[in-house]
Amino acid sequence: MGSASSAYRIIYLDVDGRIQKVVFSHCCSPCDIKELFCTAVGLPRSTTFSLLDASGAMVSIDPTMPSNSERSPYKVVPLSGGQLPDKEELFQNVLTQVAEQFSRAFKINELKAEVTNRLAMLEKRVELEGIKVVEIEKCRSDIKKLREEMTSRNSSSCLDDKKLTPHRDVPSYPKYHLSKETIDTLRQPIFDVWQWEPNEMLSCLEHMYHDLGLVRDFNINPITLKRWLLCIHDNYRNNPFHNFRHCFCVAQMMYSMIYLCNLQEKFTQIDILILMTAAVCHDLDHPGYNNTYQINARTELAVRYNDISPLENHHCAVAFQIFSQPDCNIFSNFDAEAFKQIRQGTITLILATDMARHGEILDSFKQKLETFDFTNEEHVTCLKMVLIKCCDISNEVRPMEVAEPWVDCLLEEYFMQSDREKAEGLPVAPFMDRDKVTKPTAQIGFIKFVLIPMFETVMKLFPQIEEAMLQPLRESRDRYEELKQIDEAMNEVQKKKSENLSMGGQKK
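Nothing here was measured: the structure is a model prediction, and the numbers come from that model. (Residues numbered from 1 in each chain as written. Predicted model: local features only at pLDDT ≥ 70, side-chain atom pairs only at ≥ 80, totals over all residues. Heavy atoms only, no water.)

Enquirer: Could you clarify how one ought to interpret the overall build of the protein in this entry?
Expert: A tally of regular secondary structure across the protein gives 19 helices and four strands. Expressed as a percentage of its 508 residues, the buried residues of the protein come to 44%. Nonlocal contacts in the protein, meaning residues at least 24 apart in sequence, comprise 71% of its contacts between residues at least 6 apart. As displayed, the protein has an accessible area near 27000 Å², and 53% of this comes from carbon and sulfur atoms. (Helix = DSSP H or I, 4+ residues; strand = E, 2+ residues; numbered from the N terminus. Buried < 20%, exposed > 50% of the residue type's maximum accessible area, 1.4 Å probe, protein only. Contact = heavy atoms within 4.5 Å. Areas by Shrake-Rupley, 256 points an atom, 1.4 Å probe, with all protein chains shown as cover.)

Enquirer: Can you help me understand the nonpolar core in this one?
Expert: Membership of the largest hydrophobic core comes to 104 residues, with the highest contact counts inside it found for Tyr-209, Trp-228, Ile-232, Met-276 and Phe-455. For this core, the element with the highest residue contribution is helix H9 (residues 244–260), accounting for eleven residues. Ile-11, Val-22, Ile-33 and Ile-61 belong to the second largest nonpolar core, which has 18 residues in total. (Core = buried A, V, L, I, M, F, W, Y, C linked by side-chain atoms within 4.5 Å.)

Enquirer: I would appreciate a short explanation of helix H10 (residues 269–281) in the present structure.
Expert: Because an α-helix packs 3.6 residues into every turn, residues spaced three or four apart end up facing the same way. Spanning 13 residues, H10 covers 18 Å between terminal C-alpha atoms, matching the ideal 18 Å at 1.5 Å per step. Here H10 lies mainly inside the structure; twelve of its 13 residues are buried. Among the residues making up H10, those that are buried are Ile-270, Asp-271, Ile-272, Leu-273, Ile-274, Leu-275, Met-276, Thr-277, Ala-278, Ala-279, Val-280 and Cys-281. (Expected span 1.5 Å × (residues − 1).)

Enquirer: Please explain the side chain of Gln-443 as it appears in this structure.
Expert: Among the secondary structure elements, Gln-443 is positioned in helix H18 (residues 439–459). Discounting residues that sit within four places of it in the chain, Gln-443 has contacts with Glu-396, Val-407 and Tyr-480.

Enquirer: In this structure, what is going on with the UniProt feature "active site" (unreviewed entry) in the protein? I would like to understand it.
Expert: Per the UniProt record, the feature "active site" (unreviewed entry) sits at His-242. Inspection of the secondary structure assignment puts His-242 in the loop between helix H8 (222–234) and H9. (UniProt positions renumbered as here; feature names shortened; annotations may be inferred.)

Enquirer: Can you help me understand the packing of aromatic side chains in this one?
Expert: For any pair of aromatic rings, the description consists of the separation of the ring centres together with the inter-plane angle of the planes. Per the counting criterion, the structure on display carries 21 aromatic pairs. Between Phe-191 and Trp-196 the ring centres are 5.5 Å apart and the planes differ by 15 degrees, which places this aromatic pair in the stacked class. Residue Trp-196 is classed as buried on the basis of its relative accessible area, which comes to 17%. Centroid distance Phe-372 to Phe-374: 4.9 Å. Interplanar angle 70 degrees. Geometry classified as edge-to-face. The structure contains a cluster of three or more aromatic residues connected by ring pairs, namely Tyr-209, Phe-218, Trp-228, Phe-320, Phe-323, Phe-331, Phe-334 and Phe-339. When the ring centre of Tyr-259 is taken as reference, the NZ or CZ atom of Arg-187 above it lies at 4.1 Å. The lysine or arginine in question, Arg-343, covers the ring of Phe-320, its NZ or CZ lying 4.7 Å from the ring centre. (Phe/Tyr/Trp six-rings, centres within 6.5 Å; stacked < 30°, edge-to-face > 60°. Lys NZ or Arg CZ within 6 Å of the ring centre and 35° of its normal.)

Enquirer: Explain the UniProt feature "binding site: AMP" (unreviewed entry) in the protein here, please?
Expert: The feature "binding site: AMP" (unreviewed entry), as annotated in UniProt, sits at His-242, Asn-243, Phe-244, Arg-245, His-246, Asp-283, Asp-392 and Gln-443 in this numbering. Considering the arrangement of structural elements, one finds Asn-243 in the loop between H8 and H9. The class for Asn-243 is buried, based on a relative accessible area of 14%. A polar contact of 3.3 Å, which involves the side chain of Asn-243, links it to the backbone oxygen of Pro-240. (Polar contact = N/O pair within 3.5 Å; in protein donor to acceptor, adjacent residues only side chain to side chain.)

Enquirer: Got a minute to help me understand the sheet that holds strand E2 (residues 18–25) in this structure?
Expert: Think of a sheet as strands paired side by side through backbone hydrogen bonds, with each pair either parallel or antiparallel. In spatial order, the strands read E2-E1-E4-E3; together these four strands make up an open sheet with mixed pairing. In the strand order of this sheet, the two ends are held by E2 and strand E3 (49–52), each with one partner. Sheet twist, expressed as the mean angle between neighbouring strand axes with direction ignored, is 35 degrees. Across four bridges, the pairing between E3 and strand E4 (residues 74–78) is antiparallel. When the bridges of E4 are listed, Leu-52 appears paired with Lys-75. (Pairing = 2+ DSSP bridges. Axes fitted to C-alpha atoms, helices over the stretch in contact; angles between N-to-C directions.)

This is the structure in structure tokens:
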């Protein structure tokens with residue numbers, strides 16, 4: 001890893017007679033160092049300047065620049081007119097982007113107009129011409145195909161618009177100083193995820209990577225980490241449930257389990273890095289409609305991934321598209337073999353979050369429990385898959401006031417899907433149908449038959465989770481069963497009232 005002195009460089013600057021100390025990593029780029037100096041002396045980031053030593057000689061600005069002392073600080077001298085080219089270039093870039101957006105919008109509008117005209121012609125033909133039944137059915141089939149084509153093309157245009165680089169630069173992402181109480185609670189399942197704004201959640205995620213030693217041990221550029229987290233935030237959609245706050249929830253629960261189960265004593269640091277990164281990326285660009293809808297509606301994602309975990313494959317693809325951007329690649333200091341290990345590990349964990357594979361993964365883990373070996377790579381991989389599954393569906397582990405709003409969010413997303421499925425003539429799952437499901441009925445079966453059995457299995461390896469995770473699940477199950485009984489009693493009363501009113505009307 002090298003010594004601290006070789007890993008970091010200290011430079012002293014003269015800021016209007018005051019000495020300003022600046023510390024940066026040797027892996028920072030000259031551009032990052034210049035921006036850091038501008039920030040230190042209160043200049044705009046794009047300012048062009050010279051760095052002079054005590055004798056007036058110019059000093060090269062790069063990671064290997066000579067260190068100085070408080071007695072011989074460097075002086076930052078702005079160059080007049082130096083900012084103009086940068087501003088012109090920035091203005092030109094903005095104009096180019098605006099032009100591209102207008103061009104894309106016009107193309108989409110032209111496509112919509114063309115498809116709408118074709119639909120209108122076909123529908124008019126069906127309505128007015130009185131053609132044979134076979135021909136009518138053919139026209140309806142053509143209309144359906146055109147609608148699917150329009151949906152598919154609109155979906156494609158959205159993918160073209162995905163922001164694979166953060167729309168804000170790092171200095172506008174404020175660094176929050178977390179209190180000791182926040183830092184302590186962040187390591188526990190009781191953490192209240194509803195009390196934090198997006199920028200605060202980004203700061204918490206950044207803290208987790210530092211606190212677990214990942215930034216230090218893998219020489220991750222702190223500025224690159226900030227940019228990556230910004231890009232992650234920008235590539236989660238504003239769905240009722242599958243949004244950036246859910247991403248934060250899953251990552252925070254994984255962080256809690258790492259401490260609660262003392263995983264850093266049993267796993268390698270690369271395993272910890274894979275667990276955290278997979279948790280952060282596991283639902284990237286989720287459209288708000290699950291795999292069943294994707295497959296039944298024959299969406300572009302289902303066709304692309306041959307109906308095999310289309311959403312989870314898409315989350316993986318978006319994650320590594322982001323990593324392919326140099327400014328967001330937190331793995332840039334890894335050699336090819338190490339990166340291959342991290343990529344494969346991350347993909348394996350994200351694909352494990354497909355609930356269609358729940359029974360398969362849990363059964364495999366149960367078979368390994370009695371002879372579980374932390375030195376066995378296959379055993380450890382299976383455990384990591386179960387851990388990310390636990391974190392992904394762990395809301396009911398949290399206190400009631402934190403967990404219950406998530407149920408409302410999930411049902412809202414379910415109802416959006418079932419409404420669309422009804423409109424498109426697709427099968428509707430009963431647990432998603434607003435006319436058939438209630439909050440208690442939605443949760444009781446899931447807690448009893450999915451959550452509790454899975455956490456009880458994990459408890460055999462980590463007994464310490466019983467009080468912090470299993471007990472809240474049992475209490476949540478009991479509470480929803482009581483609510484169900486209350487609902488049934490109220491329905492029975494309402495039913496009797498209706499019957500009495502009906503009988504009274506018949507007597508009259």
